[in-house]
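Here is what each chain is made of, one letter per residue.
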Amino acid sequence: MYRITLLATSLTLVACQSPAPLDSSTGADSLESTSSTDGYGSAGYDDPYFPLLGNGGYDVEHYRIVLDVDVATNHIEGFATIDAVADEDLSRFNLDLSGLEVSGIRVNGESASFWREGQELVIVPAMTLSANTPFQTTVTYSGMPEVVPLPGLPIPGIGWMHERELIITMSEPTGAMNWYPCNNHQLDKATHEFEITVASDYVVAANGILNSVQTRGDKQRYHFVASDPMATYLSTVNIGRFDVEELVGPNELPLTFYFPPATKEEIREGFRRTPEMITTLSEWFGPYPFECYGGVVAGAGPPAALETQTLPVYGGKSPGIGVQIHELTHQWFGNSVSFESWRDLWLAEAFASYAQWLWTEKTGDEGSIVETVERYYGYLSEAEHELMGDPGVEHLFGLGVYVRGPVALHALRLEIGDEAFFGTLKAWTSTFKNSAAGAKDFIALAEQHSDRDLAEFFEAWLYSSELPAIPAMNLPAPKAEEPEG
Ligand SMILES: [Zn+2]
């Protein structure tokens, strides 16, 4: 994600301390996240920040989400079909769903009983599901999605959002469950398919490739197929009055952009540089990982952008090139290669932010990368910030990840040299493509490519509150304050 207010090129950086209420997913009041017993799939993956996200006992392969949407009232109605494989014999399992009304559930065509406990939708199939066997669950539901609150963000919440004649979906990290029942954690990626019916004067933009648009009376059904495995927080459906612009990227990559009609020509021109951006980023990070790319300019909504897979969404003011580079970089870092737990968010954000500096280094747009790193290092040495490798839920989107992250990557680059640094990045995106990995995996790859022991280096940058020196830039570590008394 990119918060426009946080990461403007000026140094008006403010650590966010919104007093937002605790997300129910962090509270774990009513349900303990436990490992499976008695054929019950567990209620969560024990993610250190969001223990109830995801569910044990099965792996989702595919989601088909079929919804009728009334944009004016934000009412949705339809069903989701979830194809999964049981990991163990299951007499009961959970999906994550926040709000909405569930009117019926079928498992393998048979009516199933179910109940709600907070964000957990607990399902008891008519027959116990056998280990290593595929099964299909269909959940019929309706209602008006309500955003999922997230501590630390200065917006009401995340997920499916409605603003007059516009719907946009930005769900990082917990929001996807406000519009479809899912296994809501990046450790279980799946392909997605969306069939969204809206009044004919709206346009739908979703992840993947637009397969068809069918007219049904005064409505149209848009069918998108996203064939690359995707974490639920990266799924997106956007509905508005958009101009659609199609381009062709490197290797015939289809690119589709959605702009509100009032979008200025200079903004559209910026997006037309996407083929050049993809070419450059592919040189740094390896081949572009997905089947297509594009973007949605919302022209409204929260002042943030999200790297929703193959189709970033840009809320608030119209985005500049830096934000576009950031969200494009996430397709490699965070989307194709997911971080194993939310504590490791730096494995996405440090790279997306550092790529913005690499871009300015290449294009010479905003001074040299040395000046940029010095400026942010100076800022960090004064500003209190959380641990880069363990920022806590309330500072997930704070300076520790977004500013110390890219500074640390530059320090690593100076420490091991360009060849080992970019070799590590390319090995990372190819080794863990369409998968997930953690800090230990990244450190191991960097050690392998540099033939160095980097344990101390990473310990200092990731898990120590003191800001390490960058000797190669002559940036000494800030002096620790003398304890008083
Ligand atoms: Zn980001």
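Right above here is the structure, for reference.
What you see is a predicted model, and the numbers here were worked out from it, not measured in a lab.

### A word on the overall build of the protein
(1) Moving on: Counting its regular elements, the protein contains 11 helices and 23 strands.
(2) Moving on: Projecting the C-alpha coordinates of the protein onto the three principal axes gives extents of approximately 65 × 55 × 45 Å.
(3) Moving on: Sorting the 485 residues of the protein into buried and exposed places 58% on the buried side.
(4) Moving on: The long-range share in the protein, meaning contacts at least 24 apart out of those at least 6 apart in sequence, stands at 68%.
(5) Moving on: A total accessible area of about 19000 Å² is found for the protein, and carbon and sulfur atoms account for 49% of it.
(6) Moving on: Counting 26 positive and 68 negative side-chain charges, the protein places the averaged centre of each group 7 Å from the other.

### Focus: the packing of aromatic side chains
(1) Moving on: Inspection of the entire model under this criterion finds 36 aromatic pairs.
(2) Moving on: When the centroid spacing of 5.1 Å and the interplanar angle of 20° are considered together, the rings of Trp357 and Tyr376 count as stacked. With Trp357 in helix H5 (residues 346–363) and Tyr376 in helix H6 (residues 369–382), this residue pair connects regions lying 19 residues apart in the sequence.
(3) Moving on: A centroid spacing of 5.4 Å and a plane angle of 85° characterise the contact between Trp428 and Phe442, whose relative ring orientation is edge-to-face. Of the two residues, Trp428 is situated in helix H9 (residues 418–431) and Phe442 in helix H10 (residues 439–450); the sequence distance between them amounts to 14 residues. Of the two residues, Trp428 and Phe442, neither departs from the other in class, the shared state being buried.
(4) Moving on: In this structure, Arg92 is placed above the aromatic ring of Tyr40, and the distance from its NZ or CZ to the ring centre is 4.0 Å.
(5) Moving on: Seen from the ring of Tyr202, Arg241 lies directly overhead, with NZ or CZ sitting 4.4 Å from the centre.

### Remarks on the environment of Ala348
(1) Moving on: Position of Ala348 among the secondary structure elements: in helix H5.
(2) Moving on: With a relative accessible area of 0%, Ala348 lands in the buried category.
(3) Moving on: Taking the C-alpha atoms as reference points, Ala348 and Met1, 347 residues apart in sequence, are found 9.0 Å from one another.
(4) Moving on: When sequence neighbours within four positions are dropped, the list of residues in contact with Ala348 reads His330, Phe333, Gly334 and Phe339.

### Some points on the environment of Ile209
(1) Moving on: In this fold, Ile209 is placed in strand E14 (residues 209–216).
(2) Moving on: Along the chain, Ile209 and Val124 lie 85 residues apart, while their C-alpha atoms are 35 Å from each other.

### Some thoughts on the sheet that holds strand E15 (residues 219–230)
(1) Moving on: Sheet architecture is open: eight strands sit in the order E6-E5-E9-E3-E2-E12-E15-E14, paired in mixed fashion. Bordering the open sheet on either side are strand E6 (110–111) and E14, each of which pairs with just one other strand.
(2) Moving on: As defined by bridge partners, strand E5 (residues 101–107) adjoins strand E9 (residues 134–143) across six bridges and the pair is classed as antiparallel. Considered in E9, the bridge of Val107 is made with Thr137.

### Section: the pattern of salt bridges
(1) Moving on: Tallied over the entire structure, the rule returns 13 salt bridges.
(2) Moving on: Here Glu195 and Arg221 are joined by a salt bridge, their closest N and O atoms 3.0 Å apart. Pair noted here: Glu195 is in strand E12 (residues 190–199) and Arg221 is in strand E15, with a separation of 26 residues, a long-range link. Each member of the pair, Glu195 as well as Arg221, carries the same accessibility label: buried.
(3) Moving on: A network of salt bridges, in which partner residues are shared, links Glu245, Glu265, Glu269 and Arg272.

### Topic: H6
(1) Moving on: Between its first and last C-alpha atoms H6 spans 20 Å; for 14 residues at 1.5 Å apiece the expected length is 20 Å, and the two agree.
(2) Moving on: By the burial criterion, the buried members of H6 are Ile369, Thr372, Val373, Tyr376, Tyr377, Tyr379 and Leu380. End-on, the buried residues of H6 take up no more than an arc of 160°, which puts them together on one face.
(3) Moving on: Structurally, H6 contributes buried residues whose contacts are with H5, helix H7 (399–402), helix H8 (404–416) and helix H11 (455–463).

### Structural notes on the pairing of E14
(1) Moving on: In terms of strand pairing, E14 meets E15 through seven bridges, oriented antiparallel. Its bridge partner being in E15, Ile209 is matched across the sheet by Val225.
(2) Moving on: Hairpin connection from E14 to E15: two residues lie between these consecutive antiparallel strands, with Gly217 at a positive phi of about 65°.

### Observations regarding the side chain of Asp188
(1) Moving on: Looking at where Asp188 falls in the secondary structure, it is placed in the loop between strand E11 (166–170) and E12.
(2) Moving on: The buried charged residue Asp188 lacks any salt bridge partner; its closest oppositely charged side chain belongs to Lys189, at an N-O distance of 10 Å.
(3) Moving on: Looking at Asp188, its side chain comes within polar contact range of the side chain of Asn183, at 2.7 Å.
(4) Moving on: With sequence-adjacent residues up to four places away left out, Asp188 is seen in contact with Tyr45, Tyr58, Asp59, Val60 and Asn183.

### Some thoughts on the sheet that holds strand E4 (residues 93–96)
In a beta sheet, neighbouring strands are held together by backbone hydrogen bonds and run either parallel or antiparallel to one another.
(1) Moving on: The strand order across the open sheet built from three strands is E4-E8-E7, with neighbouring strands paired in antiparallel fashion. Pairing within the sheet leaves two strands with one partner each, and these edge strands are E4 and strand E7 (113–117). The mean angle between the axes of side-by-side strands here comes to 25°, regardless of whether they run parallel or antiparallel.
(2) Moving on: Pairing of E7 with strand E8 (residues 120–124), which is carried by five bridges, proceeds in the antiparallel orientation. Bridge pairing in E8 links Ser113 to Val124.

### Details of the nonpolar core
Across soluble globular proteins, you tend to see nonpolar side chains buried next to one another.
(1) Moving on: Counting 153 residues, the largest nonpolar core has Val69, Tyr141, Trp179, Ile239 and Trp346 as its most contacted members.
(2) Moving on: For this core, the element with the most residues is H5, which contributes 10 residues.

### Examining the coordination of the zinc ion
(1) Moving on: Every protein donor of the zinc ion is accounted for by Met1 (N), Met1 (O), His326 (NE2), His330 (NE2) and Glu349 (OE), and the metal-donor separations fall at 2.0 to 2.5 Å.
(2) Moving on: Within one chain, the residues serving as donors to the zinc ion are arranged as M-x324-H-x3-H-x18-E. Placement of His330 in helix H4 (residues 321–332) and of Glu349 in helix H5 is noted, with a sequence separation of 19 residues between them.
(3) Moving on: The exposure class of His330 is buried, given its relative accessible area of 0%.

How each quantity is defined
Sequence order as written defines residue numbering, which begins from 1 separately in each chain. pLDDT decides what is reported in this predicted model: residues at 70 or higher carry local features, side-chain atom pairs at 80 or more are listed and counted, and totals for whole chains, interfaces and linings draw on all residues regardless. With hydrogens and water excluded, all non-hydrogen atoms of the structure serve as input to the side-chain values. Secondary structure elements follow DSSP: runs of H or I no shorter than four residues count as helices, runs of E no shorter than two count as strands, and numbering proceeds from the N terminus. Accessibility here uses a 1.4 Å probe with only protein chains present; expressed as a share of the type maximum, an area under 20% marks a residue as buried, one over 50% as exposed, and anything in between as partly exposed. The criterion used for residue contact is that any of the two residues' heavy atoms lie within 4.5 Å. Each accessible area value is a Shrake-Rupley result obtained with a 1.4 Å probe; residue values ignore everything except the protein chains displayed when judging cover. Only four residue types enter the tally: Lys and Arg on the positive side, Asp and Glu on the negative side; His and the chain ends are excluded. Throughout, a charge is located at the NZ atom of Lys, the CZ atom of Arg, the CG atom of Asp or the CD atom of Glu. When the centres of two rings from Phe, Tyr and Trp lie within 6.5 Å, Trp using its six-membered ring, the rings pair. Their planes under 30 degrees apart give stacked, over 60 give edge-to-face, and anything left gives tilted. For a ring to carry a charge above it, either NZ of a lysine or CZ of an arginine must fall within 6 Å of the ring centroid while also lying within 35 degrees of the normal to the ring plane. We call two strands paired when DSSP finds no fewer than two bridges between them. Whenever a carboxyl oxygen of Asp or Glu lies within 4 Å of a side-chain nitrogen of Lys or Arg, that contact is scored as a salt bridge. The span expected for a helix works out to 1.5 Å for each residue beyond the first. By construction, the arc corresponds to the directions joining the helix axis to the C-beta atoms. Residues adjacent in sequence count toward polar contacts only when both atoms are side-chain atoms; beyond that, a polar contact is any pair of N or O atoms within 3.5 Å, and within protein one must be able to donate a hydrogen and the other to accept it. To get an axis, fit a line to the C-alpha atoms, keeping to the stretch in contact for a helix; angles then go from 0 to 180 degrees between the N-to-C directions. Among the buried residues, those of types Ala, Val, Leu, Ile, Met, Phe, Trp, Tyr and Cys that are joined through side-chain atoms within 4.5 Å form a nonpolar core. In this analysis a donor is any N, O or S atom within 2.8 Å of a metal ion (3.2 Å for sodium, potassium and calcium), and since water is not included, sites may seem incomplete.

Note that every value here comes from positions in space, so none of it alone points to a role or purpose.
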